[in-house]
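If you want the building blocks of each chain, they are given just below.
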Amino acid sequence: MSLKDTIQGARAEVAANSKPAAEDDKAAGKGKAAASADLPKDDPEAKPTGFAKKSVTRAKPARQAASSVTVVSASGKTKSKKNMATMSKDEQKEERRRQREAEDRVDTVAQILLDEDPAYKELRKKWWIIMGVGFGCLVLSFIPLAVAGNASADYSTPAGFVSIVFMVLAYVFIIWSFVFDWRKIRPLRKVHTAEASGMTVKRLQAVLDRDRQERAAAKAQKDAAKAAKGKK
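Residues numbered from 1 in each chain as written. Predicted model: local features only at pLDDT ≥ 70, side-chain atom pairs only at ≥ 80, totals over all residues. Heavy atoms only, no water.

A. Highlighting the environment of Thr108. Mapped onto the secondary structure, Thr108 falls in helix H3 (residues 89-115). On a C-alpha basis, the gap between Thr108 and Thr193 in space is 9.4 Å, while along the polypeptide they are 85 residues apart. (Helix = DSSP H or I, 4+ residues; strand = E, 2+ residues; numbered from the N terminus.)

Below, the structure written as structure tokens:
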């Protein structure tokens, strides 16, 4: 037997052995496809795995953005705020008006609570004294200049010296009043503003009604006192 015949015989033997294996693989593939076709589509056990599972997860639709924004107040109460972008011009105008009214209501109640605070009343009295002394010194600084006449332009004269001293004192007291307000009164104002911001609408209205009644009673009492004086 020649070498050529040997090589051809080997090729024929390899081809004969590989053909049954290919037919077995093909039959196995058909069996798997038939098994997968027999499974119901909504079978909960037929879960995607691997890359298919990730693809299914990514294919889920994202949640749509909310049409309104939720705001949490300082008191921990949630308040819904409408989306201005979806409103008409008239609705936006009305919503801004409501927001301004709400802010004004809070500011008014905060001022009422501040006026009723004894500590604020005491500090406010001191502030008025400091501010009054400052403006008083400012007025007194012009008196020597008015009395001295033409000599007032020369600050080396006694009148000019007294004028500059009162002027410096006026600036000192006025600046002191601003610092006093910022260091002493401003913290109290912030406390009562936060307190009013944490109130409900019903409680805010109750404070406003109480203050209105007190003012009306005080005015009636004042008018009665004037009427009594007029009769005498």
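B. Seen up close, the nonpolar core. Membership of the largest hydrophobic core is limited to 10 residues, which are Val106, Val109, Ala110, Ile112, Leu113, Ala196, Met199, Leu204, Val207 and Leu208. Elements represented by at least two residues in this core include exactly H3 and helix H7 (201-231). With five residues, H3 is the largest single contributor of residues to this core. Look past the residues within four positions of Leu204 in its chain and what remains in contact with it is Arg105, Val106, Val109, Ala196 and Met199. Grouped together as the second largest cluster of nonpolar side chains are nine residues, Tyr120, Leu123, Met131 and Phe180 included. (Core = buried A, V, L, I, M, F, W, Y, C linked by side-chain atoms within 4.5 Å. Buried < 20%, exposed > 50% of the residue type's maximum accessible area, 1.4 Å probe, protein only. Contact = heavy atoms within 4.5 Å.)

C. Fine view of the packing of H3 against H7. One way to put it is that H3 packs onto H7 with a least axis distance of 10 Å and a crossing angle of 55°. Taken together, H3 and H7 sit at an angle that is classed as oblique. The interaxial crossing formed by H3 with H7 has left-handed handedness. Along its contact with H3, which presents Arg105, Val106, Thr108, Val109 and Ile112, the element H7 presents Leu204, Gln205, Val207, Leu208 and Asp211. Residues belonging to the contact of H3 with H7 are distributed by class as follows: six nonpolar, two polar and two charged. (Axes fitted to C-alpha atoms, helices over the stretch in contact; angles between N-to-C directions. Parallel < 35°, antiparallel > 145°, perpendicular 65-115°, else oblique. Left-handed = near helix turned anticlockwise from the far one by under 90°. Nonpolar A, V, L, I, M, F, W, Y, C, P; charged D, E, K, R; others polar.)

D. Molecular detail of the packing of aromatic side chains. Counted under the stated rule, the structure contains two aromatic pairs. Here the aromatic rings of Trp127 and Trp128 are separated by 4.9 Å at their centres, their planes lie at 75°, and the arrangement is edge-to-face. The class for Trp127 is buried, based on a relative accessible area of 12%. A residue is classified by how much of its surface remains accessible, and Trp128, at 52% relative accessible area, is exposed. Stacked on the ring of Trp127, the Lys or Arg Arg124 has its end atom at 4.5 Å from the ring centre. (Phe/Tyr/Trp six-rings, centres within 6.5 Å; stacked < 30°, edge-to-face > 60°. Lys NZ or Arg CZ within 6 Å of the ring centre and 35° of its normal.)

E. Expanded view of a nonpolar patch on the surface. There is a patch of nonpolar side chains on the surface, built from Tyr155, Phe161, Val162, Ile164, Val165, Val168, Leu169 and Val172 and spanning about 660 Å² of accessible area. Assessed through its relative accessible area of 33%, Val162 is described here as partly exposed. (Patch = residues over 30% accessible without salt bridge, like charges linked within 9 Å, V, L, I, M, F, W, Y side chains within 5 Å. Areas by Shrake-Rupley, 256 points an atom, 1.4 Å probe, with all protein chains shown as cover. Salt bridge = Lys/Arg side-chain N within 4 Å of Asp/Glu carboxyl O.)

F. Focus on the packing of helix H4 (residues 118-140) against helix H6 (residues 158-197). Across the interface, H4 lies against H6 with an axial gap of 7 Å and an inter-helix angle of 165°. Considering the angle they form, H4 stands roughly antiparallel to H6. For the pair H4 and H6, the crossing hand works out as left-handed. In terms of residue class, the contact of H4 with H6 is made up of 20 nonpolar, two polar and five charged.

G. Structural view of the side chain of Ser141. Summarising the element assignment, Ser141 is placed in the loop between H4 and helix H5 (143-148). Among the residues examined, Ser141 registers a relative accessible area of 0% and is labelled buried. At 2.5 Å, the side chain of Ser141 and the backbone oxygen of Leu138 are in polar contact. Discounting residues that sit within four places of it in the chain, Ser141 has contacts with Ser163, Phe166 and Met167. (Polar contact = N/O pair within 3.5 Å; in protein donor to acceptor, adjacent residues only side chain to side chain.)

H. Here's a closer look at H6. The terminal C-alpha atoms of H6, which comprises 40 residues, lie 56 Å apart, in line with the 58 Å expected from a rise of 1.5 Å per residue. Of all the bends in H6, the greatest reaches close to 45° and is centred on Ile185; the proline Pro187 follows between one and four positions later. Turning to H6, its buried residues are Ala159, Gly160, Ser163, Ala170, Ile174, Ser177, Phe180, Ile185, Leu188, His192 and Ala196. (Expected span 1.5 Å × (residues − 1). Bend = angle between axes of the 7 residues up to and from the residue.)

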